[in-house]
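Examination of the molecular architecture
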Amino acid sequence: KAGVTQTPRYLIKTRGQQVTLSCSPISGHRSVSWYQQTPGQGLQFLFEYFSETQRNKGNFPGRFSGRQFSNSRSEMNVSTLELGDSALYLCASSFDVNTEAFFGQGTRLTVV
Amino acid sequence: AQSVTQLGSHVSVSEGALVLLRCNYSSSVPPYLFWYVQYPNQGLQLLLKYTSAATLVKGINGFEAEFKKSETSFHLTKPSAHMSDAAEYFCAVTGTTGGFKTIFGAGTRLFVKA
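Okay, so let's go over this structure. Just so we're clear, the structure is a prediction, and the values are computed from it rather than from any experiment.

Right, let's get into the packing of aromatic side chains. The final tally for this structure, using the stated rule, is 13 aromatic pairs over all chains. The structure contains a cluster of three or more aromatic residues connected by ring pairs, namely Tyr35(A), Phe45(A), Phe103(A), Phe34(B), Tyr36(B) and Phe104(B).

A few words on the state of the cysteines. Applying the stated rule across the entire model yields two disulfides over all chains. Note that Cys23(A) is cross-linked by a disulfide to Cys91(A), the S-S spacing being 1.8 Å. Disulfide Cys23(A)-Cys91(A): torsion about the S-S bond near -55 degrees, hence left-handed. Linking Cys23(A) in strand E3 (residues 19-24) with Cys91(A) in strand E9 (residues 87-94), this pair joins segments that are 68 residues apart in sequence. The class of Cys23(A) is buried, set by a relative accessible area of 0%. Residue class for Cys91(A) comes out buried when judged on its relative accessible area of 0%. A disulfide bridge connects Cys23(B) with Cys91(B), and the sulfur atoms are separated by 2.0 Å. On the sign convention where negative means left-handed, the S-S torsion of about -60 degrees between Cys23(B) and Cys91(B) marks this disulfide as left-handed. Note that Cys23(B) is positioned in strand E3 (residues 19-26) and Cys91(B) in strand E9 (residues 87-94), a separation of 68 residues in sequence.

Further remarks concern the interface of chain B and chain A. Across the contact, 20 residues belong to chain B and 19 residues belong to chain A. Taking both partners together, chain B and chain A bury about 1700 Å²; carbon and sulfur atoms supply 53% of that area. If you look at where chain B meets chain A, you find zero salt bridges. Counting residues per element, the ones that place at least two in the side of chain B that touches chain A are strand E4 (32-38), strand E5 (44-50) and E9 of chain B. At four residues, the largest contribution of residues to the side of chain B that touches chain A is made by E4(B).

Let's shift gears to the sheet that holds strand E6 (residues 56-58) of chain B. Residue and element names in this part refer to chain B. One open sheet holds the five strands; their spatial order is E1-E3-E8-E7-E6, and the pairing between them is antiparallel. Two strands lie at the open edges of the sheet, namely strand E1 (3-7) and E6, each paired on one side alone. Pairwise comparison of adjacent strand axes, ignoring direction, gives a mean angle of 20 degrees for this sheet.

To continue, consider the sheet that holds strand E1 (residues 5-7) of chain A. Backbone-to-backbone hydrogen bonds join strands into a sheet, with any given pair of strands oriented parallel or antiparallel. Residues and elements named next belong to chain A. If you trace the four strands from one edge of the open sheet to the other, you get E1-E3-E8-E7, paired in antiparallel fashion. Each having just a single partner strand, E1 and strand E7 (64-68) make up the two edges of the open sheet. Sheet twist, expressed as the average angle between the axes of neighbouring strands with direction ignored, equals 15 degrees. Sheet topology places E3 next to strand E8 (residues 74-78); five bridges connect them, and they run antiparallel. Its bridge partner being in E8, Cys 23 is matched across the sheet by Ser 74.

So, on to the layout of surface pockets. Considered as a void within the structure, the largest pocket measures approximately 460 Å³ in volume. Mapped onto the lining of the largest pocket, the elements with two or more residues apiece are strand E4 (31-38) and E9 of chain A together with E9 of chain B. Across the lining of the largest pocket, the residue classes break down as eight nonpolar, 11 polar and three charged. Considering the residues around the second largest pocket, the lining is formed by 16 residues, among which Leu43(A), Gln44(A), Phe45(A), Lys101(B) and Ile103(B) are closest to the centre. Looking at the lining of the second largest pocket, the elements that each hand over two or more residues are strand E5 (42-50) of chain A together with strand E10 (103-104) of chain B. It is E5(A) that contributes the most residues to the lining of the second largest pocket, four residues altogether.

Calculation criteria
- Residues numbered from 1 in each chain as written.
- Chains lettered and ligands numbered in written order.
- Predicted model: local features only at pLDDT ≥ 70, side-chain atom pairs only at ≥ 80, totals over all residues.
- Heavy atoms only, no water.
- Phe/Tyr/Trp six-rings, centres within 6.5 Å; stacked < 30°, edge-to-face > 60°.
- Disulfide = S-S within 2.5 Å.
- Helix = DSSP H or I, 4+ residues; strand = E, 2+ residues; numbered from the N terminus.
- Buried < 20%, exposed > 50% of the residue type's maximum accessible area, 1.4 Å probe, protein only.
- Contact = heavy atoms within 4.5 Å.
- Buried area = accessible area lost by both parts, 1.4 Å probe.
- Salt bridge = Lys/Arg side-chain N within 4 Å of Asp/Glu carboxyl O.
- Pairing = 2+ DSSP bridges.
- Axes fitted to C-alpha atoms, helices over the stretch in contact; angles between N-to-C directions.
- 1 Å grid on protein atoms, 1.4 Å probe; cavity = no way out; pocket = protein on both sides within 12 Å on 5 of 7 lines; lining within 4 Å.
- Points joined across faces, edges and corners; volume = space filled by probe spheres on them.
- Nonpolar A, V, L, I, M, F, W, Y, C, P; charged D, E, K, R; others polar.

Written out as structure tokens, the structure reads:
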């Protein structure tokens, strides 16, 4: 079956702009989690969605938001981009949070 | 609250030598524990998972991990390292406390010398 698809793979944005990243989970998976990965901070949890509901949110400012659609596809949005938002953003889908997570290849965001 | 500590941000072994990557967890409830591997410019791939069925868990690519409740540890081992094992490895914990999120360790980068 198809894996987790994240689009786009690479993005370059300017400070102050906003960006939307997309994640299509594995068919049948209703839990989608987002992570920010940077060399200094490792994998930081952003939020988790299950059946269109955000069940948990990490310690990120309100500029980071997300949503999940009825087909389980998820988007995350970052507004007013800052240089420090440059990172690899990973999406993971699973049947539920305590089961194996399948990761996409990530979107590498560079803010200049 | 749950947490994961990986001891050693970098580990270097010779090809053919034992691989030991350390992970200690903190959880107030029986945890679900995972090891993931990440190759450059890739997402994470599951190596193995512990879900209380057996304390010794075997995963892919010859890796295994042992859950030791008394030591709150879940160390990853492989008897003989291969060059292709060079990657970053993440230990993760999840459970019902803290609500619906998986916590990852900081990662350990494994180097394999020829």
